[in-house]
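So you can see what is in the structure, the chains are spelled out below.
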Amino acid sequence: MRVHVADHPLITHKLTVLRDERTPSPTFRALTEELVTLLAYEATRDVRVAEVMIRTPVTETTGVTIAEPRPLIVPILRAGLGMLEGMVKLVPSAEVGFLGMVRNEETLEPSVYAERLPDDLSNRQCFVLDPMLATGGSLLSAIEYLFDRGAQDVTAICLLAAPEGLAAIEKAVEGRDVTIVLGALDERLNEHGYIVPGLGDAGDRLYGTVG
Ligand SMILES: O=P(O)(O)OC[C@H]1O[C@H](OP(=O)(O)OP(=O)(O)O)[C@H](O)[C@@H]1O
Ligand SMILES: O=c1cc[nH]c(=O)[nH]1
Ligand SMILES: [Mg+2]
């Protein structure tokens, strides 16, 4: 598994505002979108492309275009939805599938409550969006779901991760083609399975609801 932790002052600055408990939902949503676009630049470094011939006003030349089958972007509802616009801005030709997952806040076990994905993901590059990688249970379920459907490789973009969750995923996906791109790797999980220092419940902060 490859892990890339962003190291850029603009990303750290935006994450600091995102973490601040005084930041209201509209600002939180705007910053989430901006952060995803910055992280997606790194996450799509190995996106598959095909050579194309084009004619400029001056001459013929070769360039590249995003290859078929198109990449699949999978936001994990609810909080991952806040990352979708930022990602499709960068890869507008990608297809989008959805996975709805919720973590039981007592047991910390994730469950899938909605799914809308292409049946066959053979040979597909998949980009999973979820702002928070805490115990890693939700992201691991999503990654397994996609590989079970035939995905070729999976790249996840998360704003924050806890070392415990990252290690759990690394162990579970051994030998498979998985990349995780992070805005920051935080200190730890607390006794409620929340990332410390973190930013609280990303879904609640994005949408202003609790639950
Ligand atoms: O790594 P884990 O321990 O599995 O926790 C991370 C998950 O928790 C949050 O979702 P939540 O279950 O709160 O659903 P929501 O997006 O609807 O708020 C978050 O968006 C991740 O999906
Ligand atoms: O810190 C955390 C952990 C799980 N889910 C969140 O939204 N935040
Ligand atoms: Mg939540």
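Reading the values: the criteria
- Residues numbered from 1 in each chain as written.
- Chains lettered and ligands numbered in written order.
- Predicted model: local features only at pLDDT ≥ 70, side-chain atom pairs only at ≥ 80, totals over all residues.
- Helix = DSSP H or I, 4+ residues; strand = E, 2+ residues; numbered from the N terminus.
- Rg over C-alpha atoms; globule rule 2.2 N^0.38 Å.
- Buried ≥ 20, exposed ≤ 12 C-beta atoms within 10 Å, placed from the backbone.
- Contact = placed C-beta atoms within 7 Å.
- Axes fitted to C-alpha atoms, helices over the stretch in contact; angles between N-to-C directions.
- Parallel < 35°, antiparallel > 145°, perpendicular 65-115°, else oblique.
- Left-handed = near helix turned anticlockwise from the far one by under 90°.
- Nonpolar A, V, L, I, M, F, W, Y, C, P; charged D, E, K, R; others polar.
- Near = placed C-beta within 6 Å.
- UniProt positions renumbered as here; feature names shortened; annotations may be inferred.
- Pairing = 2+ DSSP bridges.
- Right-handed = clockwise from strand over helix to strand, strands pointing away.

K.L.:
Provide a residue-level description of the overall build of the protein chain, including the pertinent values.
P.N.:
The helix and strand inventory of the protein chain stands at six helices and 13 strands. Relative to the globule expectation of 17 Å for 211 residues, the C-alpha radius of gyration of the protein chain, 17 Å, shows essentially globular dimensions. Going through the 211 residues of the protein chain one by one, you find that 35% of them count as buried. In the protein chain, the share of contacts with a sequence separation of at least 24, taken over all contacts with a separation of at least 6, comes to 70%.

K.L.:
Would you mind going over the packing of helix 1 (residues 9-19) against helix 2 (residues 25-43) in detail, with residue names and values included?
P.N.:
Taken N-terminus to C-terminus, the directions of helix 1 and helix 2 make an angle of 155°; their axes are 10 Å apart at the nearest point. Considering their axes alone, helix 1 and helix 2 lie roughly antiparallel with respect to each other. Crossing geometry of helix 1 relative to helix 2 is assigned as left-handed. Judged by residue contacts, Leu 10, Ile 11, Lys 14, Leu 15, Val 17 and Leu 18 of helix 1 engage Phe 28, Leu 31, Glu 34, Leu 35 and Leu 38 from helix 2. Of the residues belonging to the contact of helix 1 with helix 2, the class tally is nine nonpolar, no polar and two charged.

K.L.:
Run through the site of ligand 1, naming residues and quoting values.
P.N.:
Around ligand 1 lies a shell of 23 residues, among which Arg 78, Arg 103, Thr 135, Ser 138 and Gly 203 are the nearest. Of all the secondary structure elements, the ones that give two or more residues to the shell around ligand 1 are strand 6 (98-103), strand 9 (132-133), helix 4 (137-148) and helix 6 (202-207). A per-class count over the shell around ligand 1 returns 12 nonpolar, seven polar and four charged.

K.L.:
Mind laying out the UniProt feature "binding site: 5-phospho-alpha-D-ribose 1-diphosphate" (unreviewed entry) in the protein chain, listing which residues take part and the relevant values?
P.N.:
Under the present numbering, the feature "binding site: 5-phospho-alpha-D-ribose 1-diphosphate" (unreviewed entry) in UniProt falls on Arg 78, Arg 103, Asp 130, Pro 131, Met 132, Leu 133, Ala 134, Thr 135, Gly 136, Gly 137, Ser 138 and Asp 201. Its place among the elements puts Arg 103 in strand 6. Residue classification places Arg 103 among the partly exposed positions, given that 17 C-beta atoms sit within 10 Å. The residues contacting Arg 103, other than those within four sequence positions of it, are Leu 108, Pro 110, Gly 137 and Ser 138. Assignment of secondary structure puts Gly 136 in the loop between strand 9 and helix 4. Dropping the residues within four chain positions of it, Gly 136 is found in contact with Gly 165, Leu 166, Ala 168 and Ile 169.

K.L.:
Break down the site of ligand 2 for me, citing the residues and quoting the values.
P.N.:
The environment of ligand 2 is formed by Ala 79, Met 132, Ala 134, Tyr 194, Ile 195, Gly 198, Asp 201, Ala 202 and Gly 203. Within the shell around ligand 2, the residues separate by chemical class into six nonpolar, two polar and one charged.

K.L.:
How would you explain the pairing of strand 4 (residues 72-77) if you had to name every residue and give the values?
P.N.:
Where burial is concerned, most of strand 4 is hidden: six out of the six residues are buried. Across two bridges, the pairing between strand 4 and strand 5 (residues 95-96) is parallel. In the strand pairing of strand 5, Leu 72 is matched with Glu 95. One crossover worth recording links strand 4 to the parallel strand 5 by way of helix 3 (residues 84-90), and it is right-handed.

K.L.:
Before we move on, could you go through unusual backbone geometry and cite the residues and values that matter?
P.N.:
The peptide bond linking Leu 77 to Arg 78 adopts the cis configuration, its omega dihedral lying at 0°. Mapped onto the elements of the fold, Arg 78 is located in the loop between strand 4 and helix 3. The peptide bond linking Val 196 to Pro 197 adopts the cis configuration, its omega dihedral lying at 0°. On the secondary structure map, Pro 197 appears in the loop between strand 13 (195-196) and helix 6. Phi is positive for Leu 108, which is not a glycine, with a value near 65°. Position of Leu 108 among the secondary structure elements: in the loop between strand 6 and strand 7 (110-116). Judged by the 14 C-beta atoms lying within 10 Å of it, Leu 108 falls in the partly exposed class. The phi dihedral of Asn 123 is positive, around 65°, even though this residue is not glycine. In this structure, Asn 123 sits in the loop between strand 7 and strand 8 (125-129).

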